[in-house]
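These are the residues of each chain, in order.
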Amino acid sequence: MAVPRAKTSKARTRRRQHINMKLTAPHLVECSNCGNLAMQHRVCPKCGFYKGRQVITPESN
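Note that the structure is predicted; figures quoted are calculated from it, not measured.

**Quick look at the overall build of the protein**
And step 1. When helices and strands are counted, the protein shows one helix and four strands.
And step 2. Moving toward the C terminus, one meets the helices and strands of the protein in the order α-β-β-β-β.
And step 3. Against the 2.2 N^0.38 benchmark of 10 Å for 61 residues, the protein shows a C-alpha radius of gyration of 23 Å, more extended than a compact globule.
And step 4. Across the 61 residues that make up the protein, the buried fraction comes to 8%.

**What about a nonpolar patch on the surface?**
And step 1. A cluster of nonpolar side chains, Leu28, Leu37 and Met39, forms an exposed patch at the surface whose accessible area comes to about 270 Å².
And step 2. Structurally, Met39 can be placed in strand 2 (residues 37–39).
And step 3. A relative accessible area of 40% means that Met39 is categorised as partly exposed.

**Points about the layout of surface pockets**
And step 1. Approximately 230 Å³ is the volume attributed to the largest pocket.
And step 2. Along the wall of the largest pocket there are 15 residues; nearest its centre are Val29, His41, Arg42, Tyr50 and Lys51.
And step 3. Among the elements of the structure, strand 1 (28–30), strand 2 and strand 3 (49–50) are those that each provide at least two residues to the lining of the largest pocket.
And step 4. A class-by-class count of the residues in the lining of the largest pocket yields seven nonpolar, five polar and three charged.

**Quick look at the confidence of the model for the protein**
Atom-level detail of predicted coordinates should not be read off regions where pLDDT is low.
And step 1. With 97% of its residues at a pLDDT of at least 70, the protein reaches an overall mean of 89.
And step 2. For the protein, strand 4 (residues 53–54) is the element with the lowest average pLDDT, namely 88, and helix 1 (residues 10–18) is the one with the highest, namely 94.

**Some points on unusual backbone geometry**
And step 1. The phi angle at His41 is positive, at roughly 60°, despite the residue not being glycine.
And step 2. Tracing the chain through its elements places His41 in the loop between strand 2 and strand 3.
And step 3. Residue Lys51 is not a glycine yet carries a positive backbone phi of 55°.
And step 4. Here Lys51 is to be found in the loop between strand 3 and strand 4.
And step 5. Here Lys51 falls in the exposed class, since its relative accessible area comes to 72%.

What counts and what doesn't
- Residues numbered from 1 in each chain as written.
- Predicted model: local features only at pLDDT ≥ 70, side-chain atom pairs only at ≥ 80, totals over all residues.
- Heavy atoms only, no water.
- Helix = DSSP H or I, 4+ residues; strand = E, 2+ residues; numbered from the N terminus.
- Rg over C-alpha atoms; globule rule 2.2 N^0.38 Å.
- Buried < 20%, exposed > 50% of the residue type's maximum accessible area, 1.4 Å probe, protein only.
- Patch = residues over 30% accessible without salt bridge, like charges linked within 9 Å, V, L, I, M, F, W, Y side chains within 5 Å.
- Areas by Shrake-Rupley, 256 points an atom, 1.4 Å probe, with all protein chains shown as cover.
- Salt bridge = Lys/Arg side-chain N within 4 Å of Asp/Glu carboxyl O.
- 1 Å grid on protein atoms, 1.4 Å probe; cavity = no way out; pocket = protein on both sides within 12 Å on 5 of 7 lines; lining within 4 Å.
- Points joined across faces, edges and corners; volume = space filled by probe spheres on them.
- Nonpolar A, V, L, I, M, F, W, Y, C, P; charged D, E, K, R; others polar.
- pLDDT = per-residue confidence, 0-100.

Take a look at the structure:
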């Protein structure tokens, strides 16, 4: 079995780990009722519709 010759530094370890820690943007789809961009499989925050029916009453600001 292979044995490391020297200790892996914190910088090298964190540099390697950092590659997979990137944040991804949420996948947005267009609401079928109002056309607002909303997250997939969630109630539209603007109109309160989900799958063609009214689920919640949106708060008007």
